[in-house]
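Given next are the chains, with one letter for each unit.
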Amino acid sequence: MSHVLSNRALEMAQTLVRMNTVSANSNLELIEYVRDHLNALGVRSRLTWNADKTKANLFATLGAGKPSGIILSGHTDTVPWDGQDWTVDPLSGSVQDWPGEEFADGHVEQIGPRLYGRGSADMKAFIAIALANAERFLESESPFAVHFAFSYDEEVGCFGVRELIADMKEAGVKPVACIVGEPTNMVPAIAHKGVYRWRCCVRGKEAHSSLTPQSVNAIEMAARLVGKVRDMAEGFERSEARYEGFDVPFSTASVGQFHGGIADNVVPRDAEFRYEFRNLPTADALAMQKDVLAYARQLETGMKKVGPDTGISFETICEIPSFLTSARDPVTRLAQRLSGNASTTLVAFGTEAGLFKNAGIPTVVCGPGSITQAHQPDEYVTLDQLARCEVFMRGLALAREVG
Ligand SMILES: [Zn+2]
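A brief structural summary. Position numbers for residues count from 1 along each chain, tracking the sequence in the order it is written. Restriction of local features to residues with pLDDT of at least 70 applies here, the model being predicted, together with a cutoff of 80 or more for giving and counting side-chain atom pairs; totals for whole chains, interfaces and linings are based on all residues. Side-chain descriptors were evaluated using all non-hydrogen atoms of the structure, hydrogens and water having been removed beforehand.

### Some remarks on the coordination of the zinc ion
For clarity, the cut-off: Sites may look incomplete, because water is not among the atoms used; the donor set itself consists of N, O and S atoms within 2.8 Å of the metal (3.2 Å for Na, K and Ca). In this description a helix means any DSSP run of H or I spanning at least four residues, a strand means any run of E spanning at least two, and both kinds are numbered starting from the N terminus. Whether a residue is buried, partly exposed or exposed follows from its accessible area with a 1.4 Å probe, protein chains only, as a fraction of its type maximum: under 20%, in between, or over 50%, in that order.
Every protein donor of the zinc ion is listed here as H75 (NE2), D122 (OD), E182 (OE) and E182 (OE), and their distances to the metal cover 1.9 to 2.6 Å. As a motif over one chain, the donors of the zinc ion read H-x46-D-x59-E. Here D122, found in helix α3 (residues 120–132), pairs with E182, found in the loop between β9 (177–180) and β10 (189–192); they are 60 residues apart in sequence, far enough to count as distant. The exposure classification of D122 matches that of E182, with both residues buried.

### Points about the pattern of salt bridges
As a reminder of what qualifies: By salt bridge we mean one thing: a side-chain nitrogen of Lys or Arg within 4 Å of a carboxyl oxygen of Asp or Glu.
On inspection of all chains with the given rule, the structure shows 15 salt bridges. Linking D167 and R46 is a salt bridge whose minimum nitrogen-to-oxygen distance equals 2.8 Å. Taken as a pair, D167 in helix α5 (residues 160–170) and R46 in strand β1 (residues 45–49) lie far apart in primary sequence, 121 residues in all. For D167, a relative accessible area of 15% translates into the label buried. In this structure, the salt-bridge partner of E272 is R199, at a minimum N-O distance of 3.0 Å. Of this pair, E272 sits in strand β15 (residues 270–278) while R199 sits in strand β11 (residues 195–203), and the two are 73 residues apart along the sequence. Of the residues examined, E272 reaches a relative accessible area of 22% and is grouped as partly exposed. A relative accessible area of 22% means that R199 is categorised as partly exposed. Among the ionic contacts, a cluster of salt bridges with common partners joins R197, E276 and R278.

### Section: the packing of α3 against helix α10 (residues 383–398)
Put simply, the rule is: Here an angle of 0 to 180 degrees is reported between the N-to-C directions of two axes, which are lines fitted to C-alpha atoms, with helices fitted over the stretch in contact. If an angle is under 35 degrees, it is roughly parallel; if it is over 145, roughly antiparallel; if it lies from 65 to 115, roughly perpendicular; otherwise it is oblique. For a crossing to be left-handed, the near helix must be turned anticlockwise from the far one by less than a right angle; the clockwise case is right-handed. By definition, residues are in contact when any of their heavy atoms lie within 4.5 Å. Only Asp, Glu, Lys and Arg are considered charged in this grouping, and only Ala, Val, Leu, Ile, Met, Phe, Trp, Tyr, Cys and Pro are considered nonpolar; every other residue, Gly among them, is considered polar.
The N-to-C vectors of α3 and α10 enclose an angle of 40°; their axes lie 10 Å apart at closest approach. When the interaxial angle is binned, α3 and α10 end up oblique. Along this stretch, α3 crosses α10, giving a crossing that reads as right-handed. Between α3, through A125, F126, I129 and A130, and α10, the contact on the second element is made entirely by L386, C389, E390 and M393. Looking at the contact of α3 with α10 residue by residue, the classes come out as seven nonpolar, no polar and one charged.

### Let's talk about the pairing of β15
Rule in force here: Here, strands pair whenever DSSP counts at least two bridges between them.
With eight bridges joining them, β11 and β15 adopt antiparallel strand pairing. When the bridges of β15 are listed, Y196 appears paired with F277.

### Structural notes on helix α2 (residues 28–40)
The condition that has to hold: Helix span is expected to be 1.5 Å times the residue number reduced by one.
The terminal C-alpha atoms of α2, which comprises 13 residues, lie 18 Å apart, in line with the 18 Å expected from a rise of 1.5 Å per residue. Residues of α2 that are buried include every one of L28, L30, I31, V34, H37 and L38, and no others. Against α1 (7–17), β1, β2 (56–62), α3, α4 (134–139) and β8 (144–151) lie the buried residues of α2.

### What to know about the nonpolar core
Operational definition: Residues enter a nonpolar core if they are buried and are Ala, Val, Leu, Ile, Met, Phe, Trp, Tyr or Cys, with the set joined through side-chain atoms within 4.5 Å.
By size, the foremost hydrophobic cluster in this structure holds 56 residues, and its most contacted members are L38, L72, F137 and F148. The element contributing the most residues to this core is α3, with 10 residues. By size, the runner-up hydrophobic cluster in this structure holds 30 residues, among which are L225, M232, A271 and I312.

Here's what the structure looks like:
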């Protein structure tokens, strides 16, 4: 296929990449840019905000009045680049030619220009191409409206989009399909694992380390819980029913951080650790967490005998539900048709897709660029991928049916 990317789409992608929307920062510059652009076309945006109004989601309907619509979903935030080795400015949005290269594993990176910058692949280019085609959606005679659903705080736990979905429901909007434009090389993705993270705080009872029987060692209790998480991980690997197609075809568990203790001769009062489950779509992460809680309650019984004020508490850090749809679902077939890719894939990363699906909206993940470049130094997306995405958008504007 040879496609030409419109100048306008490329310029918009560059504009969005040049805005610093790292999750820790405000995304309002980007949201206002999109809102103003849509305003000029006579399209009103619905904004939903975070608590201190420094970040917003944007929801807009292009083709209001049509009986139903298809969502184009993208997150506006990016991961940071601190400490990464970039050879280009992460906010440059520069386009550079690439001579092509064959890698050790045999795959060939095609020749052609690339757009560089943080968020180029993940996933500002998708948002830009949708926006650049707004007029096409407005003028289209397709029976479907197109909804733009652009969220904040995806990268830190899919927080923003929950507000957006709730607001959409409240407004009585009932989309027939949702396309999440995360980078899949424009191959429709029909499943990903869930990502569930918790922080566990253990409060023990302090003592001089020569008097251990009068103390409750918070690190040791936390370590038992860490051991429990590890045992569960080994259990998944040993005996969980496999879901072929994932890089790791079973659920995983992992402890990512551990803090505790103040001195060698003090039995520590406090310890804390963070852990995650990445569950297969066929496995239940909350049931996994229940096992951890049951074990914690058991430990607590012993701890309280020594120190009534001791205890173990848990705090949810993120809950990104897994996503699973069928290759035969009409929304998958629509994405296959529009992308020209008859195949489907599974992806290793979490997305907002499970949240849309759980809200009763048939959903598929399909967007330009590769996750291999996302979150990496010198993140880029090829203009070829962007052109393919634009062909997809043009097709969407003409879609007469989902399926
Ligand atoms: Zn992303």
